[in-house]
Each structure stands twice: as structure tokens, then as C-alpha cells.
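# A closer look at the structure
Take a look at the letters that make up each chain.
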Amino acid sequence: MFILFGVLPLLLRLVIISSGVQSQNVTCQQGWTGYGSHCYWSQPGLKKSWEYAQTICQSHESNLVKVETLEENLWLKTFATLSDYPWIGANDREKEGDWRWISDNSTVEFSDWGRAEPSNTGGNEHCAQIITQWNDQVCTMPYGIICEKEG
């Protein structure tokens, strides 16, 4: 039983990763990783505010990641260093509760909010990050970065 429960999560991660590789029809520049038709970049240990993280992404001709599907969300959790609690491109800085993507100002359709999230604790949590699920956070706090661009 122990082996089954120890091996099962590992096998699940391998299936998620391998399905990403199988759907990878993109060539990315060095230092970037392809999934689907997009390229992703993250640097473990690099922590910045949400706005500065977006500036870093723009300097790489990209944006903070726009998470559009469950599959992409699961893949990102294997790609990113979750201990850095990385920023994603979702925010409600313009209007409370109106979550939009920084890349194109489109409404967030798919989401993976944690229990009781988004909470807007203190009235100033307007940027999204991944912990184990999504969390709204104060935008000026330093967290990890996931950039995304077309392949």
C-alpha cells in the first residue's frame, strides 16, 4: 500500500508532464520551456513585486502567465518553483472582483482559487499568485515570476 501511495502521485506528475511534451508543437529560445503553443520562463529564487515581475516579463517580450485551462494550470504547478509562490497575470486592480489578465485585459474565465479566495484581505489584495491553488495577494509583496509568450 505504501508503495502505491508513494508512486501514484509521482506517476500522475509524469503523465501531466509527458502530456505537455506530447502537445508541445513549439520551439522556444534557450532558457524557455515549451508547453502547448506557448513558451514559459521562471527563475527559482527571483522574487519581485507583481508590477516589477510584469516589467521583467515585458523585457523578455512576454507577460505574466495567462492560465487558460486546467491542463495548463496543472503543468505550471510542475514547472514553477511553488515555494516562491509565483505571480500570475490575473489582477483586479482596476475594479474589485473584476479579475482580468494583464496580457490582453480579458476576463479570467478559468480559475483555480483556493478555499475562500479571492478574499481581498485588508482591502488591498489585487494580484494573483499560485501557492497550491490561486491566492489574491498584495501586489507590492515580492514573489516568484512565471512569464509566458507565444511560441
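This write-up is about the structure you can find in this document.

Definitions and cut-offs
- Residues numbered from 1 in each chain as written.
- Predicted model: local features only at pLDDT ≥ 70, side-chain atom pairs only at ≥ 80, totals over all residues.
- Heavy atoms only, no water.
- Pairing = 2+ DSSP bridges.
- Helix = DSSP H or I, 4+ residues; strand = E, 2+ residues; numbered from the N terminus.
- Contact = heavy atoms within 4.5 Å.
- Axes fitted to C-alpha atoms, helices over the stretch in contact; angles between N-to-C directions.
- Salt bridge = Lys/Arg side-chain N within 4 Å of Asp/Glu carboxyl O.

### Points about the sheet that holds strand S3 (residues 63-64)
The sheet built from four strands is open, its strands ordered S1-S2-S8-S3 with antiparallel pairing. Every other strand in the sheet has two partners, leaving strand S1 (33-35) and S3 as the edge strands with one partner each. As paired strands, S1 and strand S2 (residues 38-41) are joined by three bridges and run antiparallel to one another. Within the sheet, the bridge partner assigned to Gly 34 lies in S2 and is Cys 39. Along the sheet, helix H3 (residues 70-79) makes contact with S1, S2 and strand S8 (147-150), crossing S1 at roughly 155°.

### A few points about the pattern of salt bridges
A side chain of one charge can pair with a side chain of the opposite charge when the charged atoms of the two come close. Applying the stated criterion to the full structure yields six salt bridges. Measuring nitrogen to oxygen at the nearest pair gives 3.9 Å for the salt bridge that ties Lys 47 to Asp 84. Linking Lys 47 in the loop between S2 and helix H2 (50-59) with Asp 84 in the loop between H3 and strand S4 (87-91), this pair joins segments that are 37 residues apart in sequence. The partner of Arg 93 in a salt bridge is Glu 51, with the nearest N and O atoms 3.2 Å apart. Here Arg 93, found in the loop between S4 and strand S5 (100-101), pairs with Glu 51, found in helix H2; they are 42 residues apart in sequence, far enough to count as distant. Taken together, the salt bridges that share partners define one network made up of Lys 66, Glu 68 and Asp 104.

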